[in-house]
Amino acid sequence: MERMESKDIFALALGLNGTPWKVDDIVLDTGLGELKISLIFEKGSRFTHPKSGELCSVYDSRPRRWRHMNFFQYRCYLEARVPRVDGGEEYGVAQVEVPWAREGIGFTLLMEAMMVLLAQSGMTVAEASRTLGIDASTYWRTLGYRVHQAHEQIEVKEVRKLLVDETSIRKGHEYVTVVCEPGRLEEKKPTRVLFVTEGKDHQTLEATAAFLKEHGGSAEQIQLVCSDMSPAFKKGFTQYFPDAIQVTDYFHVVQKIVNTVNDIRLEETKQVPELLKQTKYLWIKKENKLSSGQKKRLYRLCDYKLKTAKAHMILAAFQDLLMAKDFEEALSGLKWWYFWATHSRIPQIIKAAKEIRANCWEGLINYLKYRLTNAAAEAMNGLIQAAKRKSRGFRNFSYFRTAIYLLGSRLKFNLPSPIPATHTN
């Protein structure tokens, strides 16, 4: 094997072969903890004018410096005089592009790729910026640019279903709406975040429709949409996705009934505390999730004429009918359940049933027919909130959106790999 000089090794590592550029000098300053690599271009080289695309002679050059990936424990910098070329009266004098960095940025492409990789790995930006020795604000700007560029290339033409959910950006009731495409198991495609926008009103759906159009899709291509019981989302779907079938996420409907049962328990506990105190989870958990001891206690309590016990049975019946595989059977069960709930003589249950009928009855029927849920969006929401807690919040919406896209949009970045490729089976 032919022995290589250090300059040749660094030129190969930087991808300079086949370009007019070469390594001129390498200086390691242990006192400053820096490695400086000086680059020059060969005399007489011609460069492509960035506007005309034609090869031109060098007009003059100006010094530039870029932060590169660390060399062991040392910060690494590239330095070069970047040439400008003259494109004549039509195109004028312009600075050429260098192969190792994009225009107007003080990082090499490999350094940008490392910044993205660390953020994707689970590090917070604060942790990653400390690791690389970069200002956090500068890190966010670079990361935001790369995430935005990758998100602009997202494909939406094949999207047919949308899951819509809101999540909080910080305390004080500040929310963002997160729009996901559910995963397609048959195509081995996981759930992905398509779009994030501020607020949780019906106008977030207008912004979603505009996003689809800007990326080569349309609101008309969406066949199914799923959300919680939010009237704002329902209004937005009706207005901006009129051709889509609206599905109400059954989990939120169940949760409404669960909360109603617990309210009844709390009220009745004042009358019979010896029976109902510390029994919350007996009444709201599914029976198959209870231990044998909990089941025995529940059965004993059901022998008493308690409103809580009757409300519990209405909840259990609702959960059972949602599991029915046959649509007609499930629909018949839903109608029977509504009659039972509204004739239960329990005011809270009657109120909850009527609210369900008024706000999401059609969406609930569509769930029984199409079995689309917001479970994947809720799981994504959990990951987003975990990332928010780990980062101790985000300074602004732009940072939060960048983090969500990086976490959930499965973006493809047009960057070189900062780690060596492996060839193992």
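Below or above, wherever it landed, is the structure these notes cover. (Residues numbered from 1 in each chain as written. Predicted model: local features only at pLDDT ≥ 70, side-chain atom pairs only at ≥ 80, totals over all residues. Heavy atoms only, no water.)

Thoughts on the packing of helix H8 (residues 250–269) against helix H14 (residues 347–370)
Angle between the axes and distance between the axes are the two parameters that describe a pair of packed helices. Here H8 crosses H14 at 170 degrees, and the two axes come no closer than 10 Å. By the angle between their axes, H8 is roughly antiparallel relative to H14. Across from Tyr-250, Val-253, Lys-256, Ile-257, Thr-260, Ile-264 and Glu-267 in H8, the residues of H14 making contact are Gln-348, Ile-349, Ala-352, Glu-355, Ile-356, Cys-360, Leu-364 and Tyr-367. For the contact of H8 with H14, a count of residues per class yields 10 nonpolar, two polar and three charged. (Axes fitted to C-alpha atoms, helices over the stretch in contact; angles between N-to-C directions. Helix = DSSP H or I, 4+ residues; strand = E, 2+ residues; numbered from the N terminus. Parallel < 35°, antiparallel > 145°, perpendicular 65-115°, else oblique. Contact = heavy atoms within 4.5 Å. Nonpolar A, V, L, I, M, F, W, Y, C, P; charged D, E, K, R; others polar.)

A word on helix H5 (residues 136–152)
The terminal C-alpha atoms of H5 lie 24 Å apart, and with 17 residues this matches the ideal 24 Å at 1.5 Å per residue to within 8%. Within H5 the residues assigned to the buried category are Tyr-139, Trp-140, Thr-142, Leu-143, Gly-144, Arg-146, Val-147, Ala-150 and His-151. Residues of H5 that are buried make contact with helix H3 (109–120), helix H4 (125–132), strand E9 (192–198), helix H6 (203–214) and helix H16 (397–408). For H5, the N-terminal cap is Asp-135; the gap from its side-chain oxygen to the backbone nitrogen of Ser-137 is 3.1 Å. (Expected span 1.5 Å × (residues − 1). Buried < 20%, exposed > 50% of the residue type's maximum accessible area, 1.4 Å probe, protein only. Polar contact = N/O pair within 3.5 Å; in protein donor to acceptor, adjacent residues only side chain to side chain.)

Concerning empty space enclosed by the protein
Empty pockets left among the atoms are what a rolling probe the size of a water molecule brings to light. For the coordinates displayed, the defined rule picks out two cavities of 30 Å³ or more. By volume, the largest cavity is sized at about 60 Å³. Contributing to the lining of the largest cavity are Arg-64, Trp-66, Val-82, Gln-95, Val-96, Glu-97, Val-98, Ala-101, Arg-102 and Glu-103. Across the lining of the largest cavity, the residue classes tally to five nonpolar, one polar and four charged. Roughly 40 Å³ of internal volume is contained in the second largest cavity. (1 Å grid on protein atoms, 1.4 Å probe; cavity = no way out; pocket = protein on both sides within 12 Å on 5 of 7 lines; lining within 4 Å. Points joined across faces, edges and corners; volume = space filled by probe spheres on them.)

Some points on the pattern of salt bridges
A side chain with one charge can pair with a side chain of the opposite charge if their charged atoms come near. Following the criterion strictly, the structure yields 11 salt bridges and no others. Between Glu-34 and Arg-75 there is a salt bridge, with the nearest N and O atoms lying 3.6 Å from each other. Of this pair, Glu-34 sits in strand E2 (residues 34–41) while Arg-75 sits in strand E5 (residues 74–86), and the two are 41 residues apart along the sequence. Overall, the relative accessible area of 17% leaves Glu-34 in the buried class. Between Glu-355 and Lys-256 there is a salt bridge, with its nearest N and O atoms 2.5 Å apart. In this pair, Glu-355 sits in helix H14 while Lys-256 sits in helix H8, placing the two residues 99 residues apart along the sequence. (Salt bridge = Lys/Arg side-chain N within 4 Å of Asp/Glu carboxyl O.)

Quick word on the packing of helix H12 (residues 307–322) against H14
Packing of H12 against H14 leaves a shortest axis separation of 14 Å and a crossing angle of 5 degrees. Our classification of the angle between H12 and H14 gives roughly parallel. Two secondary-structure elements touch here, H12 through Ala-311, Ile-314, Phe-318, Leu-321 and Leu-322 and H14 through Ile-349, Leu-364, Tyr-367 and Leu-368.

Focus on the environment of Glu-158
Mapped onto the secondary structure, Glu-158 falls in the loop between H5 and strand E7 (161–170). Overall, the relative accessible area of 53% leaves Glu-158 in the exposed class. Remark: the alpha-carbon pair of Glu-158 and Gln-221, spanning 63 residues in sequence, is separated by 8.3 Å.

Focus: H12
The terminal C-alpha atoms of H12 lie 23 Å apart, and with 16 residues this matches the ideal 22 Å at 1.5 Å per residue to within 8%. Considered for burial, the residues of H12 that qualify are Thr-308, Ala-309, Ala-311, His-312, Ile-314, Leu-315, Ala-317, Phe-318, Gln-319, Leu-321 and Leu-322. Elements in contact with the buried residues of H12: H8, helix H9 (273–276), helix H10 (280–284), helix H11 (292–302), helix H13 (327–342) and H14.

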